[in-house]
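The primary structure of each chain is shown beneath.
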Amino acid sequence: MAVPVAFFALFFAYPVTAIVGRGLKAEGAWQFGRIDEVLSRADILDVLWFTTWQALASTALTLLIALPGAYVFARFDFPGKQVLRAVVTVPFVLPTVVVGTAFLALLGRGGLLDELWGVRLDTTVWAILLAHVFFNYAVVVRTVGGLWSQLDPRQEEAARVLGAGRFAAFRRVTLPALAPAVAAAALMVFLFTFTSFGVVQILGGPAYSTLEVEIYRQTAQLLDLPTAAVLTLVQFAAVGGILAVHAATVRRRERALKLVDPAQTSRRPRGAGQWALLGGVLLTALLLILLPLGVLVERSLDGPGGYGFGYYEALQSVGAGGSSTFLVPPLEAVGNSLRYALVATLIALVIGGLAAAALTRRAGRLVRGFDALLMLPLGVSAVTVGFGFLITLDKPPLDLRTSWILVPLAQALVGVPFVVRTMLPVLRAVDDRLREAAAVLGASPLRAWREVDLPLVRRAVLVAAGFAFAVSLGEFGATVFIARPDNPTLPVAVARLLGRSGELNYGQAMALSTILMLVCAVSLLLLERIRTDRSGEF
């Protein structure tokens with residue numbers, strides 16, 4: 001636990017505490033009376049209520065739509081499965097401003113829905129909920145599906161032989177085994193929707209505001225740091241309480257599971273019902289995932305003179321069309337993002353892997369509390385973290401403001417919780433008797449980990465690496481404050497282009513978004529191939 005604790009204390013707790021201190025301190029004294037003053041305001045109470053209920057609704061809707069997809073990816077083998085698994089993960093890395101714009105083109109004035117049926121959903125909560133499902137569909141599919149594919153189906157088949165119906169066998173055998181993974185996926189979805197920013201700001205309009213949107217507005221527009229600090233504390237406390245309840249609930253449901261090679265559980269669909277389920281999942285992916293992504297591609301090619309690659313060619317030069325948005329060609333952001341994401345993935349795997357291994361031992365209340373603390377970066381405002389980096393990591397021996405490593409560190413903070421939540425259910429499902437048998441035969445703890453645990457959790461490690469890489473590619477909230485002008489990341493470059501008027505800037509933003517989408521899809525497809533090639537090593 002020492003390394004993860006030191007990492008989070010230095011690069012998370014210290015920056016966030018410094019920002020909150022600046023907002024709640026006046027002349028060296030804490031002004032806690034500001035908390036009651038802010039929380040008694042009617043507009044702030046409305047923000048808190050909307051933030052909570054829309055997150056609950058988004059989580060429930062995501063689970064309802066994505067759990068059938070998790071089953072299909074875990075149990076069915078069909079042509080194009082690896083490609084589709086990579087495609088459904090792509091939305092998770094796209095900047096929220098880009099996704100919001102794409103959904104606005106589908107659901108807003110003059111959008112596809114408006115043209116076909118004369119219906120508009122922008123500035124309604126339904127647009128927000130659908131966009132949240134678009135973002136988080138892959139979280140449920142990959143987190144739950146990863147464990148589901150390793151569960152021995154013969155246990156459920158045995159229950160059916162003993163007289164249980166299909167639903168009863170699933171409810172009493174499979175669902176309890178999946179409960180920790182489902183709870184982990186629901187937790188991640190809730191945290192991301194609870195702290196939603198870009199989607200709510202673009203699709204919700206002035207009528208809807210989450211805590212994250214309000215923190216940004218109070219900080220960047222109204223320069224009201226005390227109110228922003230209070231809202232940050234509220235968000236921090238709410239997320240901490242949720243995580244504590246989640247940790248206590250999931251811990252009661254965990255048990256050792258018999259894990260098998262996923263190749264033994266995957267087969268072609270049989271019967272009309274299974275083919276109908278596969279068709280429904282494919283149709284959902286088409287309408288929910290591919291259609292918004294198709295809008296991005298179409299807009300990146302739709303230039304003033306017709307369809308072509310004019311916007312892509314403009315990315316190769318500085319100041320195309322008289323723009324001075326960048327100090328370097330925008331296309332250089334691709335290489336920057338890949339380098340940053342790779343380093344952030346390595347950091348997240350080391351920190352998250354050590355943390356997951358420590359949490360597997362269940363060594364007392366301290367470790368159980370640490371389980372909840374690891375998730376807090378997902379529930380704290382990225383605006384707060386980004387500003388915190390700037391004002392705290394500016395003095396020796398940690399003067400990192402001009403160092404390239406600052407960006408991967410910020411990205412790794414978001415990647416570590418995904419590594420922990422992906423690896424922990426699988427690590428805890430490994431039967432302790434296997435480790436004990438290895439120890440009896442003379443294996444050291446390190447060799448027991450290498451020979452027993454690692455073969456069983458290799459798939460989880462690769463899934464965790466994919467998630468960490470994906471979220472690093474798309475991280476925007478903190479990176480926008482610390483990325484250097486001569487080394488922008490793809491999300492930062494897209495935001496800069498969208499922030500400037502002009503058709504050329506908008507077209508270049510769509511082109512960069514398409515490149516980001518393709519880079520993520522190719523990376524995840526390569527990961528899927530590696531997982532498939534090594535799946536026989538269990």
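Throughout, a residue's number is its position along its own chain's written sequence, starting from 1. Reporting in this predicted model follows two pLDDT cut-offs: at least 70 for local features of residues, and 80 or more for side-chain atom pairs to be given and counted; totals over whole chains, interfaces and linings ignore these cut-offs and use all residues. Hydrogens and water are ignored here; the side-chain numbers use all heavy atoms of the structure.

1. Remarks on the overall build of the chain
Piece 1. A tally of regular secondary structure across the chain gives 23 helices and six strands.
Piece 2. Scored against the burial criterion, the 538 residues of the chain give a buried share of 54%.
Piece 3. Residue contacts follow a heavy-atom distance rule, with two residues in contact if any of their heavy atoms lie within 4.5 Å. In the chain, 79% of the contacts between residues at least 6 apart in sequence involve partners at least 24 apart.
Piece 4. Total accessible area on the chain stands at roughly 22,900 Å², and carbon and sulfur atoms take up 63% of it. By definition, any uninterrupted DSSP run of H or I lasting at least four residues is a helix, any uninterrupted run of E lasting at least two residues is a strand, and each is numbered from the N terminus. To sort residues, take the accessible area from a 1.4 Å probe on protein chains only and compare it with the maximum for the residue type: under 20% means buried, over 50% means exposed, and anything in between is partly exposed. Per-residue and other accessible areas were derived by the Shrake-Rupley procedure at a 1.4 Å probe size, with only the shown protein chains allowed to occlude residues.

2. Quick word on the packing of helix α4 (residues 81-89) against helix α13 (residues 271-301)
Piece 1. Between α4 and α13, the shortest axis-to-axis distance is 10 Å and the interhelical angle comes to 50°. One way to sum up the angle between α4 and α13 is to call them oblique. Classified by chirality, the crossing of α13 by α4 is left-handed. Counting all contacts with α4, which are made through Leu84, Val87 and Val88, the residues of α13 involved are Leu282, Ala285, Ile289, Leu290 and Leu293.
Piece 2. Under this grouping Gly is polar, as are all residues other than the nonpolar Ala, Val, Leu, Ile, Met, Phe, Trp, Tyr, Cys and Pro and the charged Asp, Glu, Lys and Arg. Broken down by class, the residue content of the contact of α4 with α13 amounts to eight nonpolar, no polar and no charged. Each axis is a line fitted through C-alpha atoms, taken for helices only over the stretch in contact, and angles between the N-to-C directions span 0 to 180 degrees. Here roughly perpendicular refers to angles of 65 to 115 degrees, roughly parallel to angles under 35, roughly antiparallel to angles over 145, and oblique to all remaining angles. We call a crossing left-handed when the near helix sits turned anticlockwise from the far one by less than a right angle, and right-handed when that turn is clockwise.

3. Regarding the environment of alanine 207
Piece 1. Looking at the secondary structure, you find alanine 207 in the loop between α10 (198-204) and α11 (211-221).
Piece 2. Distance from alanine 207 to threonine 124, taken between C-alpha atoms, is 8.6 Å for residues 83 residues apart in sequence.

4. Notes on the nonpolar core
Piece 1. Counting residues in each nonpolar core, the largest one holds 154 residues, and the members touching the most others are Phe7 and Phe389.
Piece 2. Not counting residues up to four positions away in its chain, the partners in contact with phenylalanine 389 are Phe11, Pro15, Leu406, Leu409, Ala410, Leu413 and Ile482. Side-chain atoms within 4.5 Å are what join buried Ala, Val, Leu, Ile, Met, Phe, Trp, Tyr and Cys residues into a set we call a nonpolar core.

5. Describing the packing of aromatic side chains
Piece 1. Pairing of aromatic rings covers Phe, Tyr and Trp, the last counted by its six-membered ring, and requires centre-to-centre distances within 6.5 Å; plane angles under 30 degrees mean stacked, over 60 mean edge-to-face, and any other angle means tilted. Within this structure, the stated rule accounts for 12 aromatic pairs.
Piece 2. Plain terms: the ring middles of tyrosine 71 and phenylalanine 76 are 5.4 Å apart, the flat faces sit at 75° to each other, and that makes the pair edge-to-face.
Piece 3. Residue class for tyrosine 71 comes out partly exposed when judged on its relative accessible area of 23%.
Piece 4. By the ring-pair criterion, three or more aromatic residues cluster together here, those being Phe7, Phe8, Phe11 and Phe12.

6. Side note on the pattern of salt bridges
Piece 1. Definition used for salt bridges: Asp or Glu carboxyl oxygen within 4 Å of a side-chain nitrogen of Lys or Arg. Scanning the model with the defined rule gives two salt bridges in all.
Piece 2. A salt bridge links aspartate 43 to arginine 41; its shortest N-O distance comes to 3.1 Å.
Piece 3. For aspartate 43, a relative accessible area of 35% corresponds to the partly exposed category.
Piece 4. Between arginine 217 and glutamate 214 there is a salt bridge whose closest N-O contact spans 2.6 Å. In this pair, arginine 217 and glutamate 214 both sit in helix α11, three residues apart, roughly one turn of the helix.
Piece 5. Under the relative-accessibility criterion, glutamate 214 is labelled buried at 4%.

7. Considering the confidence of the model for the chain
Piece 1. Note: pLDDT gives the predictor's confidence per residue, expressed from 0 to 100. Confidence in the prediction for the chain averages 79 pLDDT; 88% of positions are at 70 or higher.
Piece 2. Across the chain, the element-wise mean pLDDT spans from 65 in helix α16 (residues 364-373) up to 90 in helix α3 (residues 42-75).
Piece 3. Segment residues 534-538 is flagged for pLDDT under 50; beyond a separation of four residues in sequence, or across chains, it makes 12 contacts in the model.

8. Structural notes on helix α18 (residues 406-429)
Piece 1. Along its 24 residues, α18 runs 35 Å from first to last C-alpha, staying within 8% of the 34 Å computed at 1.5 Å per residue.
Piece 2. Bending of α18 peaks at approximately 35° at the position of leucine 413, with proline proline 417 no more than four residues after it.
Piece 3. Along α18, 24 of the 24 residues are buried, which leaves the element largely enclosed by surrounding structure. Expected span, for any helix, means 1.5 Å times one less than how many residues it has. We define the bend at each residue as the angle formed by axes fitted to the 7 residues ending at it and the 7 residues starting at it.

9. Structural notes on the packing of α11 against helix α17 (residues 382-392)
Piece 1. The interhelical angle for the contact between α11 and α17, taken along N-to-C directions, is 45°, at an axis separation of 9 Å. Comparing the axis directions of α11 and α17 gives the class oblique. Across the interface between the two elements, Glu212, Ile215, Tyr216 and Thr219 from α11 touch Ala382, Val383, Thr384 and Phe387 from α17.
Piece 2. Its residues assigned to classes, the contact of α11 with α17 comprises five nonpolar, two polar and one charged.

10. Considering the environment of tyrosine 137
Piece 1. Locating tyrosine 137 in the fold gives a position in helix α7 (residues 125-148).
Piece 2. Residues tyrosine 137 and alanine 285 lie 148 residues apart in sequence; the distance between their C-alpha atoms is 9.3 Å.
Piece 3. Leave out the neighbours within four places in its chain, and tyrosine 137 touches Thr62, Ile65, Ala66, Gly69, Val88, Val281, Thr284, Leu288 and Ile289.

11. Regarding a positive patch on the surface
Piece 1. A contiguous patch of positive charge, built from Arg160, Arg166, Arg267 and Arg270, is present on the exposed surface.
Piece 2. Assignment of secondary structure puts arginine 267 in the loop between α12 (225-253) and α13.
Piece 3. Of the residues examined, arginine 267 reaches a relative accessible area of 31% and is grouped as partly exposed. What makes a patch is a set of residues exposed beyond 30% relative accessible area and free of salt bridges, joined within 9 Å when like-charged and within 5 Å when nonpolar (Val, Leu, Ile, Met, Phe, Trp, Tyr). Charge assignment: positive for Lys and Arg, negative for Asp and Glu; neither His nor the chain ends contribute. Charge positions come from single atoms, namely NZ of Lys, CZ of Arg, CG of Asp or CD of Glu.

12. Things to note about a nonpolar patch on the surface
Piece 1. On the surface, a cluster of nonpolar side chains totalling about 850 Å² of accessible area is made up of Leu112, Leu116, Trp117, Val119, Leu283, Leu286, Leu287, Leu290 and Leu291.
Piece 2. Secondary-structure elements contributing two or more residues to the nonpolar patch are α6 (112-117) and α13.
Piece 3. The element that contributes the greatest number of residues to the nonpolar patch is α13, accounting for five residues.
Piece 4. Along the chain, leucine 112 turns up in helix α6.
Piece 5. Its relative accessible area of 35% is what places leucine 112 among the partly exposed residues.

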